[in-house]
Amino acid sequence: MFSMFCYINGWSNVQRVRGGEGIVCVHGERGAWRNLASGLALGAALLSIPPGLADQAVSARESPVEVAQAMKEMDIKLNKSIFEEAWGAVYTMYYDTTAGERWSTDDWIDARSHVFGSGNVVFSSRERTHDAIRDIVSAIGDPYTRFLTPEEYRYELEARSDKVLNNAGIGLQLVDPFDGVDDLQILAPLPESPAERAGIHPGDYLEAIDDIDIAYAHMTPDEAIAVLRGPEGSPVSLTLRTDDNDRKEIILKRRPLSMKAVRSEVVENELGKTGYVRIHLFTSRAREELVDNVRGMVGSGVDAIVIDVRNCLGGVFQEALVIASAFIDCPDCVLVQTLDGNGIERNHIVEKQRCVLPGVIVPSNIPMAVLVNGGSAR
C-alpha cells in the first residue's frame, strides 16, 4: 500500500513508500526550482517480515546452520530492496538542469552497479546498507539532497511540528556546502530559537562546536545536530565564520524547541495599524490560523499587512499552494510550475487550489508586503 504525504524544505514533495526505513530527501538543482519547480523526497522501504514468514521460510530445514544461513539470506534480500527503493527515488524524481555537468542518470546507474559489484558485504547489515545509500546520495553533491535514517527522520518530523523536541537544542539547520569547504553551512536558524535570537544568519559557516573541529572530525550535518542537542539549560560554544571570513565565538544555552506554525499581531504607530503574520511552517493548522488571523485583521481595519516567511522551514506543499492562492486575485494564473525527473511539467492553477479556501482573503485596497531571506524554504 502506498500512502502519500508532502512537506516542503525547499518546497519538496515527499512520498512515503511502504513504511519509513529511511528517507531520501531529493530536491535537485541545489534546492532551487525551475520556475518554482519541485524536487522530491521519497522514503526508502521498510520491508518488515510478517509474523511466521521466517518460520515458513525455514520450516523444511532442520540444521541450525541452514536456518541461520536462510535468515542471513533474507536479511541481505531485505537490505537490497531498501537500497533499490532509495536508488529508484533519485533515479525517477531527481531533476537538475545541469545534468551531464554535475549529475546524470548514467552516473547514477554506474553508482548502483558499483555498489552491487562490491558483493553482499554491503548488504550484510542495515547499518552498512544505510551507509551505502548515504554515500551515493552524498556523491550527487547537492546539499539539499540527503539520506535520513529512521531516527533522523523522526527528529525532522518533530522539528516541523508543534511538538517540543525530546532533547533541548539551539535550533540550527545545517547543510554540507559541497563547494570544497570542509565546514558546515547554516541553512537557517529555526524561527524564535536561541540561534535566531543570537543573530546567526543563513549562509554562515559552523567551524566548531565546543572543542570539536567540524572539518577535522569530518562531521555531517546530522552528526553536528546530534552534538548540538543536550540537557535543557546546558551551554554550547559555537565558532562561526561569515563569507567575509570574519570569525566569532558565541555561547548559547540549549532549550526545548517547539514550533508554532503561525504567529501574528497587530502593530499600531503613527503610520496606522499594520497586521503582522509570521509563517514558520506550511501546514493545515497554519492555513487555518493564518486565514482566521488575517480575516480578523481585515475586519479590525488594518491599513497594511506584512507576511513574514524569513527562515521558514517549509512544510506541506499542497497547503502552501492553498495559502498562496488566498492572496492572489487571478483565478486562471499559474501559481507554480513543477517539473519531475522525467521532464514532465505540471501547472498548478490558482483557482484549483481554492477547494478548501474559496476567494481572496485580503481586499485589493489593503497593501501587502512579504519578507523573505536566504533561510526561506525555496
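The structure displayed is predicted, hence computed values, not measured ones.

Take the packing of aromatic side chains next. Taken as a whole, this structure holds five aromatic pairs when the rule is applied. Summarising the aromatic geometry, the rings of Phe83 and Phe116 are spaced 5.7 Å apart at their centres and angled 75° between planes, so their arrangement reads as edge-to-face. On the criterion of sequence distance, the pair formed by Phe83 in helix α2 (residues 64-93) and Phe116 in helix α3 (residues 105-117) is long-range, its members being 33 residues apart. Residue Phe83 is classed as buried on the basis of its relative accessible area of 1%. With centroids separated by 5.0 Å and ring planes inclined at 10°, the aromatic side chains of Trp87 and Tyr91 adopt a geometry described as stacked. Residue Trp87 and its partner Tyr91 are located together in helix α2, separated by four residues, close to a single helical turn. A relative accessible area of 34% places Tyr91 in the partly exposed class. Within the aromatic cluster, the residues linked to one another by ring pairs are Phe83, Phe116 and Phe123. Sitting above the plane of the Phe116 ring, Arg112 keeps its charged end 4.6 Å from the centroid. Stacked on the ring of Tyr205, the Lys or Arg Arg241 has its end atom at 4.6 Å from the ring centre.

Moving on: the sheet that holds strand β14 (residues 304-308). The four strands lie next to each other as β12-β13-β14-β17, forming an open sheet whose pairing is mixed. The open sheet terminates on both sides in strands that have one partner only, identified here as β12 (262-269) and β17 (368-371). Ignoring which end each strand starts from, the neighbouring axes of this sheet average 20° apart. For β12 and strand β13 (residues 272-279), the ladder comprises eight bridges, and the chain directions are antiparallel. Among the inter-strand pairings, Arg263 is bridged to a residue of β13, identified as Arg278. Helix-sheet contacts for helix α9 (residues 284-300) involve β12, β13 and β14, and the interaxial angle to β12 is about 15°.

Within this structure, the stated rule accounts for 10 salt bridges. Between Glu207 and Arg247 there is a salt bridge; the shortest N-O distance is 2.9 Å. Taken together, the residues span a long stretch of sequence, with Glu207 in strand β8 (residues 205-209) and Arg247 in strand β11 (residues 247-253) at a distance of 40 residues. Residue class for Glu207 comes out buried when judged on its relative accessible area of 12%. Classification of Arg247 as exposed rests on a relative accessible area of 55%. Close ionic contact of Glu265 with Arg263 constitutes a salt bridge, the shortest N to O distance being 3.5 Å. Glu265 sits in the partly exposed class, given a relative accessible area of 39%.

Summed over all chains, the structure comprises one disulfide. One disulfide in the model links Cys330 with Cys333; its S-S distance is 1.8 Å. Every disulfide takes its handedness from the sign of the S-S torsion; for Cys330 and Cys333 that torsion is 65°, giving right-handed.

Looking at the protein as a whole, its pLDDT mean stands at 76, while 74% of the residues score no less than 70. Segment residues 25-58: pLDDT under 50, and 123 contacts once partners within four positions in sequence are set aside and those in other chains are kept.

Reading guide: rules and limits
Residues numbered from 1 in each chain as written. Predicted model: local features only at pLDDT ≥ 70, side-chain atom pairs only at ≥ 80, totals over all residues. Heavy atoms only, no water. Phe/Tyr/Trp six-rings, centres within 6.5 Å; stacked < 30°, edge-to-face > 60°. Helix = DSSP H or I, 4+ residues; strand = E, 2+ residues; numbered from the N terminus. Buried < 20%, exposed > 50% of the residue type's maximum accessible area, 1.4 Å probe, protein only. Lys NZ or Arg CZ within 6 Å of the ring centre and 35° of its normal. Pairing = 2+ DSSP bridges. Axes fitted to C-alpha atoms, helices over the stretch in contact; angles between N-to-C directions. Contact = heavy atoms within 4.5 Å. Salt bridge = Lys/Arg side-chain N within 4 Å of Asp/Glu carboxyl O. Disulfide = S-S within 2.5 Å. pLDDT = per-residue confidence, 0-100.

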